[in-house]
Amino acid sequence: MPVVESLRGNGISVWVDEGNIHAADLWSEQIVQAIADCRVMVVMLSQNSTDSHNVVKEVMLASEQKKALLPVYLEPADVPAKLQYQLAGIQHLELYGENEEQVLEDLVNGLAKRGISREGESVAPQSTTVKRHDRPRPNPAASPQSNNLAKLTIGVLALSVFVLLGLLFFQSPSGESVQSIDRDRGGVGKRMHVKIPIPEEYPMAKPTDMPFGAPFPLLEISHDGQTLVYTCVVDGERYICMRKLAEDKFTLLPQTKGGFLPFFDPTNKWLAFFVGDKLVKMELNGGVMKTICGTRNPSGGTWGADGLIYFADGEGSTLRKVNADGGKPETIEWNGHGGLFPKVANNGKGLVFMGDEFDWQRVNPVYLPTGVGEVNITELNDGEHATWVGRDSIVFLDGNYLQVQKIDPVSLDLKTSPITIPGSRVRGGRGVYSQYSISQNGVLTFIEGSPMNQMTMMELDASGEVSKLYHETAFYGTFRISPDGKYIAIEEKESGYYNIKIFDVERKQFSSVTKEIPNYRPVWANSSKAIYYSSFRNNKPEIYRYDLTTRAEENLNLSKDTARMNVEDVTKDDQKLILFWRFKGESRSYFYSYDLAGDGVPKQLSENDHFEWGFTLSSDNKWVAYTSEKDMKRGYEIYINRFPEMNNEIRISDGGGEEPKWLPDGSGVYYRNGSQWMKVSLDLESEPKVGKPELFFEGDYVNVWGPSHDIFPDGRILLLELEEWVQPTEIDVIINALDVKP
């Protein structure tokens, strides 16, 4: 305060924390206004203040707004790396070991040089104690008088003299906040980029901490941009952690144990999320919990002002809606397929979600009106994970940078070219769900990072040792090992589409199957001389056969009005294909057998009212294992059944599972459950005997869409490893994120 009083005594207007604004008021509007209004920031530096996250934020904010900075050292202090850029080359003063009156006089003169008048004067004499901003020299021989002044100032000022960090719009009505990001309507919002530390006691969940190791979005911001939640893991259990941005701490919500994929109601008073096989909601002020409905493997939800919740079920295969007060969900039928991560759009008139009309391997953001009976869609752009913000903005991910584009809310025509949102380098991207959320008034929250889509083929041997099968990385998808163990047929993404490549295990070389794309879900003939795969290259599902000997491709001309069709397995005599079919507008799926030498008509194997996939035959063709939603409590479960009769279904998993594979020696089945692979011993010679699931191995390996592991004839396991997941320590927040120029 002696510094402040000295400046004011010289006729200089000073803003200082005289009201003792503390960390809990971090987001006060008056603080940010002080930054916006000031001409110079005097940064009081001590060992305490340079260790403060708040000081770093304040200086960075002032630097972004091109405010002049004048550092004053209260004692010798190391400048952290985050401050070195802003302070590099700037002259500074040292208020220790010097004549304090001369230093304060030089401070006044220094301000005058930066345009701050003293008693109406605009010209100041040259300072005599100003130093270039290098590391200040220690001076243990400081006078008692100067030491007392330094101690007094250190005790009062842990932050800069003039400002603490805050948000601009918190007192604004929601309508005004939306206008502040709408450049066409004369918005006046000021853009800021800050970082919020993630508490060490509430670390953010990893992809493998989510159901079945699926890399779901972890962040959600409320519609008004004032409340942030994220999924964390504490003592091995998932929870949702919340922070009001006007406060300075995160709060663990104990009622959310096991929860994931949270989203807010339009009033920002309720939080909905998924837990187990249920969709629930919690009142944020009172903690009241209510179950809304049952779900099966959900992939995101959104809460409309019409009192309805829209959510993706069956791993995004089906869109559903349900009354927010509870009830029976209804399926939303439309011309395409799926509905990953839906968001209410266009002032409640529609939904934006990740879906597809033909090719399930190339999903795009689409717009679907919410009116009853309307099934028209509009493909918005070629990005991913879109959100409709405000009146007429679409935000989406392109690579791992966010883009914004204007859209006509009536015609749905895109009016502008995409513009990159500065500083929006989002962790995740194509193939790995992005970690960002944006509010309706333009508050963007995200985890900064790389696209994380490059994978390495790894092999696990019988001793548990893991090693690289191939040193180069790529954007892989699902894969199959040839029965003789010499080749791997694997999906690889190129220019947004998957194609199938053949990897020679011994020679460590790739070769392409065909230049016609897209192709996916390869399955080997048991001769190891041919593969079968699916394609949408003609805007309809088709099955092809590729002969590795003749290098010729053949269309099997299997035609049916299906949303998805692919080969699941081939009988050991190479005479029949096992097909997976899912019809448009239905959430359930079917298994068919197709006789390659027969009449060309597939025959249905079973009738059910749920989703099943991953059909794989035993070595003697007498049994089949598959993944099913039947009797699901915590996700998928694994079943076996007699083949082809399909009359003796037995559940062999306990607590969830997917992607079963038969062990080469016929002793049982192993399957995936998140980051754990479980093994079940089986005796199927006479009366079936099923052992208890036991841990086979575990690890953080990629869970791609479809089978994500396979087994060599000698028992080695083939897996995909993503680049190392680095635990996030900060959440980036950009205020008025859409206040950008072309």
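Not measured: the values here are computed from a predicted model.

Draft legend 1. Structural view of the overall build of the protein. A count of helices and strands for the protein gives eight helices and 52 strands. Put simply, 49% of the contacts in the protein that link residues at least 6 apart link residues at least 24 apart.

Draft legend 2. Region of interest: the environment of Pro451. By secondary structure assignment, the location of Pro451 is in the loop between β26 (444-446) and β27 (455-460). Sequence separation between Pro451 and Asn400 is 51 residues, and the spatial gap between their C-alpha atoms is 5.3 Å.

Draft legend 3. Seen up close, the packing of aromatic side chains. The final tally for this structure, using the stated rule, is 27 aromatic pairs. Between Phe615 and Phe643, the ring centres sit 6.1 Å apart and the planes meet at 75°, which makes this aromatic pair edge-to-face. Placement of Phe615 in strand β41 (residues 612-617) and of Phe643 in the loop between β43 (637-642) and β44 (650-651) is noted, with a sequence separation of 28 residues between them. We note that Phe615, like Phe643, is buried.

Draft legend 4. Inspection of empty space enclosed by the protein at higher detail. Per the counting criterion, the structure on display carries seven cavities of 30 Å³ or more. Estimates place the volume of the largest cavity at around 270 Å³. Along the walls of the largest cavity sit 21 residues, with Pro217, Glu220, Phe341, Lys343 and Tyr436 positioned nearest its centre. Where the lining of the largest cavity is concerned, the elements lending two or more residues are β5 (219-221), β9 (259-264), β17 (337-345), β18 (350-356), β21 (384-389) and β25 (436-438). Considered class by class, the residues forming the lining of the largest cavity number 13 nonpolar, six polar and two charged.

Draft legend 5. Up close: the sheet that holds strand β6 (residues 227-234). One open sheet holds the four strands; their spatial order is β5-β6-β7-β8, and the pairing between them is antiparallel. Of all the strands in the sheet, just β5 and β8 (251-253) have a single pairing partner and so form its edges. Direction aside, the axes of adjacent strands within the sheet are offset by 30° on average. Relative to β8, strand β7 (residues 237-244) runs antiparallel, the two being bridged by three bridges. Counterpart to Met242 in the pairing with β8 is Thr251.

Draft legend 6. Broad picture of the side chain of Ser534. With respect to the helices and strands, Ser534 occurs in strand β34 (residues 530-535). Excluding its chain neighbours within four sequence positions, the residues that come into contact with Ser534 are Pro518, Asn519, Tyr520, Arg521, Glu542, Ile543, Met565, Asn566 and Val567.

Draft legend 7. View of the nonpolar core. Ranked by internal contacts, the top residues of the largest apolar core, which has 70 residues, are Tyr230, Leu279, Ile309, Met457, Ile488, Leu720 and Ile731. Take this core: its biggest share by element is five residues, from β6. In this structure, Leu279 is in contact with Phe263, Ala272, Phe273, Phe274, Thr291, Ile292, Cys293, Thr295, Ile309, Phe311 and Val322, ignoring residues within four places of it in sequence. Membership of the second largest hydrophobic core comes to 20 residues, among which are Ile12, Leu95, Val108 and Ile116.

Draft legend 8. View of the sheet that holds β34. Reading across from one edge, β33-β34-β35-β36 is the order of the four strands in this open sheet, with antiparallel pairing throughout. Looking at which strands have only one partner, the edges of the open sheet turn out to be β33 (519-524) and β36 (552-555). Taken over all neighbouring pairs, the strand axes of this sheet differ in orientation by 25° on average, direction set aside.

Draft legend 9. How the structure looks around helix α1 (residues 2-9). Of the positions making up α1, those classed as buried are Val3, Val4, Ser6 and Leu7. Projected down its long axis, α1 shows its buried positions confined to an angular sector of 160°, all on one face. Turned more than 90 degrees away from the buried face of α1 sit Glu5 and Gly9, all of them exposed. As for α1, its buried residues are in contact with β1 (40-45) and α6 (100-113). Gly11 lies just past α1 and shows a positive phi near 80°.

Draft legend 10. Inspection of α6 at higher detail. Its 14 residues give α6 an end-to-end C-alpha distance of 20 Å, which sits within 8% of 20 Å, the value for a rise of 1.5 Å per residue. Among the 14 residues of α6, ten are classified as buried, and the element is accordingly described as predominantly covered. All of the buried residues in α6 are Glu100, Val103, Leu104, Asp106, Leu107, Val108, Asn109, Gly110, Leu111 and Ala112. Backbone geometry just after α6 places Gly115 at a positive phi near 95°.

Draft legend 11. Layout of the pattern of salt bridges. Applying the stated criterion across every chain yields a total of 21 salt bridges. Notably, a salt bridge pairs Glu448 with Arg425, separated by 2.7 Å at the nearest N-O pair. Of this pair, Glu448 sits in the loop between β26 and β27 while Arg425 sits in strand β24 (residues 419-425), placing them 23 residues apart in sequence. By relative accessible area, Glu448 is classed as partly exposed at 33%. A relative accessible area of 30% places Arg425 in the partly exposed class. Of the charged contacts, one joins Lys630 and Glu649 as a salt bridge, the two residues approaching to 2.7 Å between their closest N and O atoms. Residue Lys630 is located in the loop between β42 (623-628) and β43, and its partner Glu649 is located in the loop between β43 and β44; the two are separated by 19 residues in the primary sequence. Since its relative accessible area comes to 29%, Lys630 is described here as partly exposed.

Draft legend 12. Structural context of the pairing of β27. Burial of β27 is extensive: six of the six residues sit out of reach of the surface. Side chains of β27 alternate between two faces, with Met455, Met457 and Glu459 and Thr456, Met458 and Leu460 buried alike. In the sheet, β27 pairs with strand β51 (residues 717-722) via six bridges, with the strands oriented antiparallel. Considered in β51, the bridge of Leu460 is made with Ile717. Note: β27 against strand β28 (residues 466-468), three bridges, orientation antiparallel. Along β28, the bridge assignment pairs Met458 with Lys468. Following β27, the chain reverses through five residues before pairing antiparallel with β28; Gly464 in that reversal takes a positive phi of roughly 95°.

Procedures and definitions
Residues numbered from 1 in each chain as written. Predicted model: local features only at pLDDT ≥ 70, side-chain atom pairs only at ≥ 80, totals over all residues. Heavy atoms only, no water. Helix = DSSP H or I, 4+ residues; strand = E, 2+ residues; numbered from the N terminus. Contact = heavy atoms within 4.5 Å. Phe/Tyr/Trp six-rings, centres within 6.5 Å; stacked < 30°, edge-to-face > 60°. Buried < 20%, exposed > 50% of the residue type's maximum accessible area, 1.4 Å probe, protein only. 1 Å grid on protein atoms, 1.4 Å probe; cavity = no way out; pocket = protein on both sides within 12 Å on 5 of 7 lines; lining within 4 Å. Points joined across faces, edges and corners; volume = space filled by probe spheres on them. Nonpolar A, V, L, I, M, F, W, Y, C, P; charged D, E, K, R; others polar. Pairing = 2+ DSSP bridges. Axes fitted to C-alpha atoms, helices over the stretch in contact; angles between N-to-C directions. Core = buried A, V, L, I, M, F, W, Y, C linked by side-chain atoms within 4.5 Å. Arc of directions from axis to C-beta. Expected span 1.5 Å × (residues − 1). Salt bridge = Lys/Arg side-chain N within 4 Å of Asp/Glu carboxyl O.

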